[in-house]
Amino acid sequence: MRFKLGLQLTAVFLLITFLVVGTAGYLFFNTFRRRLIDERSMAQLTQTNIIASGVAPLIGEDQVEARQILRTRSREVGARLVFLDPRGRVALDASAGMAERHLEGERLDHPLVESALAGGQETSVQFLDGVGWTMYSTVPVIRRGEIIGVLFVSEGIDDIVAALVDLSRQLAFYLGASGIIVMLATIGIGQYLTAPLGRLTRAAERLGAGNLAERVDIRRRNEVGRLGEAFNRMAAQLEQVDRSRRRFIGDASHEMRTPLGTAKIVLESLLAQQTHDPETRRALQTIEEGVDRLAGLVNSLLVLTRLEHAKASGSEERWQDIDLRELAHQVSADCRPLADEKALRLEVNAANLVEVHGDEDALYRAVRNLVENAIRYTPRDGRVEVAVGRVGARAFLQVRDTGNGIAPEDLPYIFERFYRPDDARSRQAGGFGLGLAIVSEAVELHGGRIDVSSKPDEGTVMTIELPAADVE
Amino acid sequence: MMRVLLVEDETGFAGGLKRRFAQEGIEVDMVSDGRQGLDRARSGGYDLVLLDLMLPKMDGIEVCRELRRNSEVPVIMLTARDDDVDKILGLEIGADDYLTKPFNFRELQARIRAVMRRARVRNTPGVNEERIQLGGLILDARRRAVLVDGDPVDVTAREFDLLWLLACHPERVFTREELLDRIWGFDHHGDTRMVNVQVRRLRQKIESDRAEPRFLRTKWGVGYYLIDEECPR
Ligand SMILES: Nc1ncnc2c1ncn2[C@@H]1O[C@H](COP(=O)(O)OP(=O)(O)OP(=O)(O)O)[C@@H](O)[C@H]1O
Ligand SMILES: [Mg+2]
């Protein structure tokens, strides 16, 4: 994902570079080639004309002398000279007697010959097998205003070809070099542009995952820098909103405690009187249960906001070294009365010292909620076991019960706030569905994990895994 | 006959609590603001002061701090907020215990019993200066000796000081900050891990099972206290 934008940029720029440099190179090459060939053909025509006029008087008069001149000139200019009679037959070949194959007496069918017989002077370039690139030119041989033949010259132009090959090599080199430069430059620019975007993306993901303290540090005087600033402002605002939400819940909960305290003590004083008829007593007890429930809700909300606050502030200042064995024993001692009420066996299994570094209150609440759940959701005469252990750098605390279990379809949701399965709601077991939310919040605060495995009607195993602290 | 002063501006609450105390045969005097509360508590004769945290004129924290200048009367704070526990229990304010509303009256009774017994331990003439016995744990200040179920235990000077401080106020929870200030002095401020380490060592000496301490207990999320095995609970 991170390279996408940079790659696109590189591809587009490379395309543009090849188009521009390639077209320019092609045009330049063509112009250059035409120039070289035009110059050469001009030179060749001029030369041919001179030879033609030199040879014209001798044609038909002194064949030997004419051949001799052609031969000399041919050697001078490094070209092959052939004289054709007006019917297109080779009358004189300068290389006759030297070349392995001379053309005298043969017909030369070539468009240039015809055009020369018609009075034109032309050149053309052709590729000949075994010889290479060759330039032909034909000039009419005129004596007293009459065309008496054609002088046909063929000359290798390897030098021009070599120059052109050299040029195309250079052009290719420049094309390649500019391609590489553009590629490196755009990859650099791409990095420059996308690196902060990548950081922003990851920051946004973490922010989305709940870490509202997330900020980015992008010092750029361009749009990317502005985006970074906007991101930071947004995160700060979110944090502010979250903080005031927490403060609101905290304040509201605290405010509720005063009237709840009044209701509770008044109810207790009323219930302590012996004078009520049974119906009134039952009514008072119902009200008291309601007050207790509300007080429990307020407590859970306060614990949750406190944990949220601890997580948001990220402060470990108050963290302690905590002996998980002692914690397990303490929680089970505190929960013993609940277990006894249902005749449950409540056991702690903790042989070795296991310590973690953390928030004492948070961990106590977490373990307490797990044990209370195990007791609450296990029928009479069942068993609840708290075990503590350590594997490598991970500390474990496991609460295991022989209770109702949790239906698979409820499992993904039980850690959500206020989630209670329907059957549990209808049962009188009566919590709010905040216990496990507190557990997961507390475990998250410590960078730990929580794992559940449960079989309906067989039991549940909840395992908290925390980074272990080194002991002593 | 126990005399209790209740300083509370919430009249419904004060009335309910007074009636509940009356049902137990305990007379409670009520005042509804901090200034008056302080005057009444000073002019005295009370065995216990129940102090609301949020009071008109002078809040509970200030009342307690003022009262502590010249009175050792046990004070239990009643509060709707539990986020300043450290402060309430701290050295500066000097409350003996606190309870958050709403609470069970039974819970309040238990706290009162502990606080009263603590006051008695403190006030028994001659004994508290030299020797404190809390069930199976005996501290002898003159010889700086510790006995667990009659067996002597070797402790360092600092460990003895820590134990002695806790033993002078059995069942009273001390925050780590307070222990640090009192035993180590203010120059160690903030380094509460030292308290942890010290407690761990002390437990190794006086407890048969550190995971289930019999004497030196943890009040989770608050601090440490020494249990009084004789205190009814
Ligand atoms: N040990 C367990 N055995 C069976 N079901 C459990 C167990 N622990 C939790 N559950 C199920 O998960 C649900 C959510 O648990 P959670 O502790 O969050 O809320 P609660 O116990 O219903 O209420 P609260 O804890 O707020 O008083 C419970 O209602 C219960 O159905
Ligand atoms: Mg629960």
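Anyway, here's the lowdown on the structure attached to this text. (Residues numbered from 1 in each chain as written. Chains lettered and ligands numbered in written order. Predicted model: local features only at pLDDT ≥ 70, side-chain atom pairs only at ≥ 80, totals over all residues. Heavy atoms only, no water.)

Comments concerning the site of ligand 1
All names here are of chain A.
Step number 1: Surveying the vicinity of ligand 1 reveals 20 residues, the closest of which are Asn373, Asp401, Arg420, Leu434 and Leu436.
Step number 2: Within the side chain of Tyr377, one N or O atom sits 2.8 Å away from an oxygen atom of ligand 1.
Step number 3: Within the contact set of ligand 1, an oxygen atom lies 2.8 Å away from a backbone nitrogen or oxygen of Leu436.
Step number 4: For ligand 1, the accessible surface in isolation is 590 Å², of which the surrounding protein chains cover 94%.
Step number 5: Counting only elements with at least two residues in the shell around ligand 1, the list comes to helix H8 (360–376), helix H10 (435–445) and strand S12 (459–467).
Step number 6: No other element matches H8, which puts three residues into the shell around ligand 1.
Step number 7: Within the shell around ligand 1, the residues separate by chemical class into eleven nonpolar, six polar and three charged. (Near = heavy atom within 4 Å. Polar contact = N/O pair within 3.5 Å; in protein donor to acceptor, adjacent residues only side chain to side chain. Areas by Shrake-Rupley, 256 points an atom, 1.4 Å probe, with all protein chains shown as cover. Helix = DSSP H or I, 4+ residues; strand = E, 2+ residues; numbered from the N terminus. Nonpolar A, V, L, I, M, F, W, Y, C, P; charged D, E, K, R; others polar.)

Some details on the packing of aromatic side chains
Step number 1: This structure, assessed with the given rule, holds nine aromatic pairs over all chains.
Step number 2: Consider the rings of Tyr364 of chain A and Trp220 of chain B, whose centres lie 6.4 Å apart with planes at 20 degrees: the pair is stacked. Separated into two different chains, Tyr364 of chain A in helix H8 and Trp220 of chain B in the loop between strand S11 (216–219) and strand S12 (223–226) make up a pair that spans both. Here Tyr364 of chain A and Trp220 of chain B have matching classes, each one buried.
Step number 3: Measuring from centroid to centroid gives 5.5 Å for Tyr413 of chain A and Tyr419 of chain A, while their planes differ by 40 degrees, and the two rings are tilted.
Step number 4: Tyr413 of chain A sits in the partly exposed class, given a relative accessible area of 38%.
Step number 5: Above the ring of Tyr46 of chain B, the side-chain terminus of Arg3 of chain B is found at 4.6 Å from the ring centroid. (Phe/Tyr/Trp six-rings, centres within 6.5 Å; stacked < 30°, edge-to-face > 60°. Buried < 20%, exposed > 50% of the residue type's maximum accessible area, 1.4 Å probe, protein only. Lys NZ or Arg CZ within 6 Å of the ring centre and 35° of its normal.)

Considering the sheet that holds S11 of chain B
Residues and elements named next belong to chain B.
Step number 1: Strand order in the open sheet formed by three strands is S10-S12-S11, and the pairing between neighbours is antiparallel. Edge positions in the sheet fall to strand S10 (174–175) and S11, since each has one partner strand and no second.
Step number 2: As judged from the four bridges shared by S11 and S12, these two strands associate in the antiparallel manner. What sits directly across from Lys219, in S12, is Gly223.
Step number 3: Each of S11 and S12 is contacted by helix H9 (residues 193–206), which is oriented at about 140 degrees to S11, the strand it contacts most. (Pairing = 2+ DSSP bridges. Contact = heavy atoms within 4.5 Å. Axes fitted to C-alpha atoms, helices over the stretch in contact; angles between N-to-C directions.)

Quick notes on the interface of chain A and chain B
Step number 1: Tallying the contact residues gives 33 residues for chain A and 35 residues for chain B.
Step number 2: In total, about 3,200 Å² of surface goes out of reach between chain A and chain B, with carbon and sulfur atoms giving 47% of it.
Step number 3: Our count for the chain A to chain B interface comes out at five salt bridges.
Step number 4: Across the pair Glu360 of chain A and Arg176 of chain B runs a salt bridge whose closest N-O atoms are separated by 2.4 Å.
Step number 5: Here chain A and chain B share 17 residue pairs in polar contact (both at pLDDT 80 or more) between them.
Step number 6: Mapped onto the side of chain A that touches chain B, the elements with two or more residues apiece are helix H5 (223–271), strand S6 (320–323), helix H7 (324–341), strand S8 (355–358) and H8 of chain A.
Step number 7: Counted by class, the side of chain A that touches chain B contains ten nonpolar, ten polar and 13 charged residues. (Buried area = accessible area lost by both parts, 1.4 Å probe. Salt bridge = Lys/Arg side-chain N within 4 Å of Asp/Glu carboxyl O.)

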